[in-house]
Amino acid sequence: MSPPVDAVADSPVFPDHADVVVVGGGIVGVSTAYYLAKRGRSVCLLEKGRVAGEQSSRNWGYVRQQGRDEREIPLARESLRLWRELQGELDDDPGFRPTGVLYATRDPRKIEQWSRWVKMAERHGLDSRLLDARQTQALAMDCTIPWIGGLYTASDGRAEPSMAAPAIARAARKAGVSVHQNCAVRGIETSSGRVSSVLTERGEIRTNTVVCAAGAWSSMFCRRHGVDFPQLTSCGSVLRTEPVEAMLDGAISSEIFAMRRRVDGAYTIAHSYWLTYFLEPAWFRYFTRFVPMYLENRKYLKLRINRMFFTQLCWPSRWAFDRPTPFEAVRILDPKPDAAELRRGLEAVRKAYPGLANVKMAYAWAGIIEATPDSIPVISPVGKLPGFYLASGFSGHGFGLGPAAGHLMADLVNGDAPLVDPRPFSYSRLAAPDVH
Ligand SMILES: Cc1cc2nc3c(=O)[nH]c(=O)nc-3n(C[C@H](O)[C@H](O)[C@H](O)COP(=O)(O)OP(=O)(O)OC[C@H]3O[C@@H](n4cnc5c(N)ncnc54)[C@H](O)[C@@H]3O)c2cc1C
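Residues numbered from 1 in each chain as written. Predicted model: local features only at pLDDT ≥ 70, side-chain atom pairs only at ≥ 80, totals over all residues. Heavy atoms only, no water.

**A short note on the sheet that holds strand 8 (residues 178–180)**
Spatially, the six strands line up as an open sheet ordered 8-2-1-12-21-20, and their pairing is mixed. One side of each edge strand has no neighbouring strand; the edge strands of this open sheet are strand 8 and strand 20 (378–381). Strand-to-strand twist across the sheet, computed as the mean angle between neighbouring axes with direction ignored, equals 15°. As paired elements, strand 12 (residues 210–212) and strand 21 (residues 388–392) share three bridges and run parallel to each other. Each bridged residue has a counterpart across the sheet, and for C212 the counterpart in strand 21 is L390. (Pairing = 2+ DSSP bridges. Helix = DSSP H or I, 4+ residues; strand = E, 2+ residues; numbered from the N terminus. Axes fitted to C-alpha atoms, helices over the stretch in contact; angles between N-to-C directions.)

The following block contains the structure:
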């Protein structure tokens, strides 16, 4: 049930050397490759499945500064600027539209929370506004739900997950990046303690710099190389409607449903923030570090066990690089959508918008979301393995951050002035002393 994604052609020649090898062709990996190539570095981008096959094509498509943790705001602001820039400079449309993001609520506690958040956002110069019931109603268009208030950021927007990472990957290729899909990176070789090459299913590439942008696979990849990266995953279900007349041109989200206008004239809908946590072996390793996050969000979480748990139990923690690895066994993480959650989301939208009372679901999918214990990504060198960089842990909101995260990673790799202060995204804040 993978959602359709724009295709990206592979480069004709597989390189034996690159200045930088990027592992993972999601929005973060392709943006890193793009911004490095623009600085004249030779870059190879390797993706075990297809560009944007996992989270980067399965998300809601919100590109927002709104509601973010204060540590992320400078990066989110820069990302909005880069999305606008990319929209003008790429040959292909990434689907970015600055149509604003609206949060609406019937819960007075949310209003208090947003009111505190807006004060903080003002200090960062954001245009976010706390809305009363009437203003929320006006922005929610023909919505019949009696919202008591809302939060709105006009400079936020939406982009198209099926188009954005492929558009950036094509531009990266045009800028000289060697792009190879269906090519898993099995591991890294070191020499005198620093990165000297990557080993892939198609052979070795000599390099002294590797950027791991492997999304939900990053923790496992890191651990194989003695690098501890606490990461747990959950699963969210999403649907696309048939094309319909526009009720709302931007994106709205609430406790009841989330809905975003798409460039194909349909809507992307989800049942609010509901997520399923499938038990995974990593839970036993990391759960205590995730307790605060779990408690904060438990209202929206379901815990389940599925076949993947047993599959993962059989995966070795140390695998050989000269034979197929779990990365080749699972080319694309494609979980089954939760039909009951999708029905609830669609019903909520049909009730809320009489003009959409008969709208039909055209397509449904689910996506695995990965998170760090503090819900903030790592965009950082990893000190204990010189030449190894990590850009991962985007905790359910990395699509909007993608361009700036890639730019910042390129800055760090290239030794350039960083786009924003990178310290909040350091690896060392999460690292355990040693992993064996
Ligand atoms: C349902 C859902 C809704 C979301 N909504 C939003 C939203 O509205 N706004 C927002 O900002 N974010 C949202 N997100 C989060 C967002 O999609 C992610 O944070 C973002 O896409 C992460 O990008 P990434 O490049 O880090 O990872 P990914 O897109 O997961 O890419 C990682 C890639 O690495 C590849 N890979 C892994 N291991 C290897 C290997 N060994 N060799 C080669 N390739 C490898 C994988 O195949 C994968 O393609 C949502 C996510 C989901 C699932």
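Now that the structure has been shown, we can carry on.
**Section: the environment of R223**
Along the chain, R223 turns up in helix 7 (residues 218–224). Counting along the chain gives 95 residues from R223 to R318, while the straight-line C-alpha distance between them is 8.5 Å.

**Brief notes about the site of the ligand**
Around the ligand, the structure places 35 residues, and the nearest of them are E47, S56, Y62, G398 and G400. In this structure, an oxygen atom belonging to the ligand sits 3.1 Å away from a main-chain N or O atom of V28. Contact distances for the ligand include 3.1 Å between a nitrogen atom and a backbone N or O atom of W60. For the ligand, whose unbound accessible area comes to 1000 Å², protein coverage reaches 98%. Within the residue set of the shell around the ligand, elements represented by two or more residues are helix 1 (27–37), helix 2 (55–58), strand 13 (232–241), strand 19 (361–371) and helix 12 (398–414). Of the residues that constitute the shell around the ligand, the class distribution is 17 nonpolar, 14 polar and four charged. (Near = heavy atom within 4 Å. Polar contact = N/O pair within 3.5 Å; in protein donor to acceptor, adjacent residues only side chain to side chain. Areas by Shrake-Rupley, 256 points an atom, 1.4 Å probe, with all protein chains shown as cover. Nonpolar A, V, L, I, M, F, W, Y, C, P; charged D, E, K, R; others polar.)

**Focus on the environment of W315**
Topologically, W315 is positioned in the loop between helix 9 (307–314) and helix 10 (326–329). Residue classification places W315 among the buried residues on the basis of a relative accessible area of 18%. In this structure, the C-alpha to C-alpha distance between W315 and D6, residues 309 residues apart in sequence, is 31 Å. Ignoring sequence-local partners within four residues, the contact set of W315 consists of W217, M220, M308, P326 and V330. (Buried < 20%, exposed > 50% of the residue type's maximum accessible area, 1.4 Å probe, protein only. Contact = heavy atoms within 4.5 Å.)

**Topic: a nonpolar patch on the surface**
Taken together, the side chains of I305, F310 and L313 present a nonpolar region at the surface, about 320 Å² in accessible area. When you line up the elements, L313 lands in helix 9. (Patch = residues over 30% accessible without salt bridge, like charges linked within 9 Å, V, L, I, M, F, W, Y side chains within 5 Å. Salt bridge = Lys/Arg side-chain N within 4 Å of Asp/Glu carboxyl O.)

**A word on unusual backbone geometry**
Even without being glycine, S192 reaches a positive phi, approximately 50°. Within the element layout of this structure, S192 appears in the loop between strand 9 (185–191) and strand 10 (194–200). Judged by its relative accessible area of 80%, S192 is exposed. Non-glycine residue S395 carries a positive phi angle of around 50°.

**Regarding the pairing of strand 21**
The buried fraction of strand 21 amounts to five of the five residues, a majority that puts the element mostly inside the structure. Here strand 21 shows no split at all, with F388, L390 and S392 on one side and Y389 and A391 on the other all buried. In the sheet, strand 20 pairs with strand 21 via four bridges, with the strands oriented antiparallel. Following the sheet pairing, P381 is matched in strand 21 by Y389. Linking strand 20 back to strand 21 in an antiparallel pair, the connection comprises six residues, with G387 at a positive phi of about 95°.

**Quick look at the state of the cysteines**
Evaluation of the coordinates by the stated rule reveals zero disulfides. Free of any disulfide, C222 has its nearest neighbouring cysteine sulfur in C212, separated by 4.7 Å. (Disulfide = S-S within 2.5 Å.)

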